[in-house]
Protein chains: 2
Amino acid sequence: MARTRTSPTDPLTLEVVQLIGSVVARYYEEYEQAAAQHALTGAQARVLGLLSLAPMRMREIAHELKCEPSNVTGIVDRLESRGLVERRADPADRRVKRAAVTAVGAETAAELRDGLDFAREPLATLSREERVVLRDLLARMLSPDVSGTTSSPSGATSSPSGA
Amino acid sequence: MARTRTSPTDPLTLEVVQLIGSVVARYYEEYEQAAAQHALTGAQARVLGLLSLAPMRMREIAHELKCEPSNVTGIVDRLESRGLVERRADPADRRVKRAAVTAVGAETAAELRDGLDFAREPLATLSREERVVLRDLLARMLSPDVSGTTSSPSGATSSPSGA
DNA sequence: TATTGTTATACTCTATAACTATA
DNA sequence: TATAGTTATAGAGTATAACAATA
């Protein structure tokens, strides 16, 4: 299992790690802030964003959020009570409920996405070539396996996509 | 106040934004997981990490966490009840309390840091030059103002470091 | 009077366990 | 019996408002 520790004390690596931490912190801030502007919590905004792509079963939502299904009930309840989401019965299996955005919910989700300037705006200061480089480096960070070398089969990253 | 929208539909930019979202999600997961391995919540781990750098007043902690000071009371209470942190009186101003890690707390904080492999391990697959490029690109994302010159002296980002 | 930290309160998110209605 | 969703419960983080001690 050789844990291939990456010389944690390498100054350059530490610097990059810290920068990533800063990006993460900043991104989260902006996300919560954008959600709050629509009087939504982070979790509610995430669910609304997910459902704006496609209706989902309660259990699927829980899986995407990486939380227990019982929690989804309340989150969808609150979105539903505000008319942003609705529950639909599944004709094939009457145990299943599919949550789906309403027209208003879809609109809110779109506004929410547009409000996320942090990740997009600073990118404008980068040239097209630089963005390509950044894309490739980030992609390799997310799936280290492609390098064909180093290690861990750990593949199947199945895109967290939550945030 | 021209809102300088960055052509939100540019496919390349969208791709990078999505990658950043994935990195953020993955980093957060790993952080929470590392915290949980020490039976700490994310907030507790963040405070412990902050205090491991230097003792802080309750209000300062709140500022770093970007939350209300009243919340810090409970978080520090829980850390203190586990012997990871202690409150110290400030001789100069008796209203002030400084929270500081205990020896055990410092050790836990160090283990916590070592447990954060995500940001560090994938970086090993990048060459030194690539890491330099990544560092510069991330730095520019975090301080778009420097646009003129390429290499900001990483100027005092005051590291949110929370995450 | 202003500031520091705390308490009190209410809401949301979270996990766990038990329940229902289906299958 | 197993599964989908819910309810019930408890712990934690959060914001707001009010309070004590100190400045």
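Structural data are supplied above this passage.
Everything numeric here is computed off the predicted structure, so don't read it as measured data.

Looking at this model, I keep getting lost on the interface of chain A and chain B. Mind explaining?
By convention, interface size is frequently given as the accessible area that disappears when the constituent parts associate. Every contact between the two is made by 54 residues of chain A and, on the other side, 52 residues of chain B. Between chain A and chain B, a total of about 5600 Å² is buried, with carbon and sulfur atoms accounting for 71% of that surface. Area buried by chain A at its contact with chain B is led by Leu12, Met141 and Leu142 of chain A, which between them contribute 11% of it. The interface formed by chain A and chain B contains eight salt bridges. The partner of Asp10 of chain A in a salt bridge is Arg131 of chain B, and the shortest N-O contact between them spans 2.9 Å. There are twelve residue pairs in polar contact (both at pLDDT 80 or more) connecting chain A and chain B. Of all the elements in the fold, those that place two or more residues in the side of chain A that touches chain B are α1 (11–36) and α6 (128–142) of chain A.

How should I be thinking about the sheet that holds strand β3 (residues 97–101) of chain A in this particular structure?
Hydrogen bonds between backbone groups are what pair the strands of a sheet, and the pairing can be parallel or antiparallel. Residues and elements named next belong to chain A. The strand order across the open sheet formed by three strands is β1-β3-β2, and the pairing between neighbours is antiparallel. In this open sheet, the two edge strands, each paired with only one partner strand, are β1 (56–57) and β2 (85–89). Strand direction decides the pairing type here: β2 and β3, joined by five bridges, are antiparallel. From the neighbouring strand, Val85 faces β3, where its bridge partner is Val101. The strands that helix α4 (residues 69–81) touches are β2 and β3; relative to β2, the one it contacts most, it runs at about 115 degrees.

Parameters at a glance
Residues numbered from 1 in each chain as written. Chains lettered and ligands numbered in written order. Predicted model: local features only at pLDDT ≥ 70, side-chain atom pairs only at ≥ 80, totals over all residues. Heavy atoms only, no water. Contact = heavy atoms within 4.5 Å. Buried area = accessible area lost by both parts, 1.4 Å probe. Salt bridge = Lys/Arg side-chain N within 4 Å of Asp/Glu carboxyl O. Polar contact = N/O pair within 3.5 Å; in protein donor to acceptor, adjacent residues only side chain to side chain. Helix = DSSP H or I, 4+ residues; strand = E, 2+ residues; numbered from the N terminus. Pairing = 2+ DSSP bridges. Axes fitted to C-alpha atoms, helices over the stretch in contact; angles between N-to-C directions.

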